[in-house]
Amino acid sequence: MRNSAEPLVIVIAGPTGSGKTALSLRLAEHLRTVIISADSRQCYREMTIGTAKPPAEDLALITHYFINSHSIHHPATAFDFERYALDKLEHIFQARNTAIVCGGTGLYIQALCEGLNEMPQVDESIEKAVNSAYLENGREWLKEAVATEDPEFYAQAEIENPARLLRALAFRRSTGRSIVHFQTGTSKKRSFKILKITLALDRQALYRHINQRVDKMMAAGLLEEAAALYPQRHLKALNTVGYVELFDYFDGHYSLEKAVDLIKQHSRNYAKRQLTWFRKDKSFHWLAPDDYSGILRLIESEAGCGGQA
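Note that the coordinates shown come from a computational prediction; the quantities given were computed from them, not determined experimentally.

Each value, and the rule that gives it
Residues numbered from 1 in each chain as written. Predicted model: local features only at pLDDT ≥ 70, side-chain atom pairs only at ≥ 80, totals over all residues. Heavy atoms only, no water. Pairing = 2+ DSSP bridges. Helix = DSSP H or I, 4+ residues; strand = E, 2+ residues; numbered from the N terminus. Core = buried A, V, L, I, M, F, W, Y, C linked by side-chain atoms within 4.5 Å. Buried < 20%, exposed > 50% of the residue type's maximum accessible area, 1.4 Å probe, protein only. Contact = heavy atoms within 4.5 Å. Phe/Tyr/Trp six-rings, centres within 6.5 Å; stacked < 30°, edge-to-face > 60°. Lys NZ or Arg CZ within 6 Å of the ring centre and 35° of its normal.

Concerning the sheet that holds strand 1 (residues 8–13)
To summarise the sheet geometry, strands pair through backbone hydrogen bonds and adopt either a parallel or an antiparallel arrangement.
Stage number 1. Strand order in the open sheet made by the 6 strands is 3-2-4-1-5-6, with parallel pairing throughout. Either end of the sheet is taken by a strand with one partner, and the two such strands are strand 3 (64–65) and strand 6 (284–287).
Stage number 2. Strand direction decides the pairing type here: strand 2 (residues 35–37) and strand 4 (residues 98–102), joined by 3 bridges, are parallel. Within the sheet, the bridge partner assigned to isoleucine 36 lies in strand 4 and is valine 101.

Below you can see the structure in the form of structure tokens.
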């Protein structure tokens, strides 16, 4: 039941493979609350194994939002997430005082916590031309185009995420400006407190977890999931690590073993970029994923009400 204390959003962030999901589930059960995913791919119903969604039994135990909420045919953006999450929080806080936001997509977390600037519209004809050129020329062409035309974005981009690069290139060609100038600005005032926690893990341990998780995904049927999605590989949502490498394998560009090695490599690269993003935000508290008591004390101190919902 909700009490009179100011509601609190607990953000559990961190790189892929750092243990965010397990911690968030444990906290949600303890606090008797729900979880909003801040992952730009777990929202898609068609992508399950490759996006490392929580198991079905955990989704049944704890209410999750922004998981299986969209289709790859109707891609979501950070602006969509901001509106979606704020709407859900309004309803959540009618019944309880805490909510957990869990994910590794820094821009989505920023959108919720600070808001994003209004952005000019991208010219649809330019967007289609950029996508067609990418399909014809491949990822190396896309990387080179973005590096040349928008070096400011490329310097901080998820360069193994074609969807981000495609959007940035289409935006640059449409507006003549870098998309980075529309991703920060004056923070919007929120009607709730925000506690941001990033999970800190030794780099070698993190990389080991990532490699092991990719092996588990393959054993769980990632190859078959990618094969089922292969006919739709042109969709933006499928320009995602774990899928594009297997699509290239299906196209005969390299062996399955090489594809799996590239998934691991690109996942590790992505984790490094996530860490760089979160380090820029000085409001994050960095804690070890197994320091549950320390994390709980921090939450209880911020909530000012014993941490209970």
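Digging into the nonpolar core
Stage number 1. Ranked by internal contacts, the top residues of the largest apolar core, which has 66 residues, are Val11, Met47, Ile72, Phe81, Leu89 and Ile109.
Stage number 2. A total of 7 residues in this core trace back to one element, the largest contributor, which is helix 3 (residues 78–92).
Stage number 3. When residues no more than four places from it in sequence are discounted, the contact partners of phenylalanine 81 are Ile36, Ser37, Ala38, Phe66, Tyr108 and Leu112.
Stage number 4. Residues Leu8, Ile10, Ala28 and Leu296 belong to the second largest nonpolar core, which totals 21 residues.

Focus: the pairing of strand 5 (residues 193–199)
Stage number 1. With 5 of its 7 residues buried, strand 5 lies for the most part within the structure.
Stage number 2. Two elements, strand 1 and strand 5, share 6 bridges in a ladder whose sense is parallel. Bridging from a neighbouring strand, isoleucine 10 pairs with leucine 195 of strand 5.
Stage number 3. Two strands pair when backbone bridges link them, and strand 5 and strand 6 are joined in this way by 4 bridges, in the parallel orientation. Bridging from a neighbouring strand, isoleucine 197 pairs with histidine 285 of strand 6.

Observations concerning the packing of aromatic side chains
Stage number 1. Evaluated as defined, the whole model comprises 9 aromatic pairs.
Stage number 2. With a centroid separation of 5.0 Å and an interplanar angle of 65 degrees, the aromatic rings of phenylalanine 66 and phenylalanine 81 are classed as edge-to-face. One end of the pair, phenylalanine 66, is in the loop between strand 3 and helix 3; the other, phenylalanine 81, is in helix 3, and 15 residues separate them in sequence. The same class applies to phenylalanine 66 and to phenylalanine 81, which are both buried.
Stage number 3. Put simply, the rings of Phe66, Phe81, Tyr84 and Tyr108 touch in pairs and so form one group of aromatic residues.
Stage number 4. Residue placement shows arginine 26 over the ring face of tyrosine 292; its charged tip is 3.6 Å from the ring centre.
Stage number 5. Sitting over the face of the ring of phenylalanine 284, lysine 196 holds its NZ or CZ atom 5.2 Å from the ring centroid.

Interpretation note: all reported values are geometric properties and have no functional meaning in isolation.
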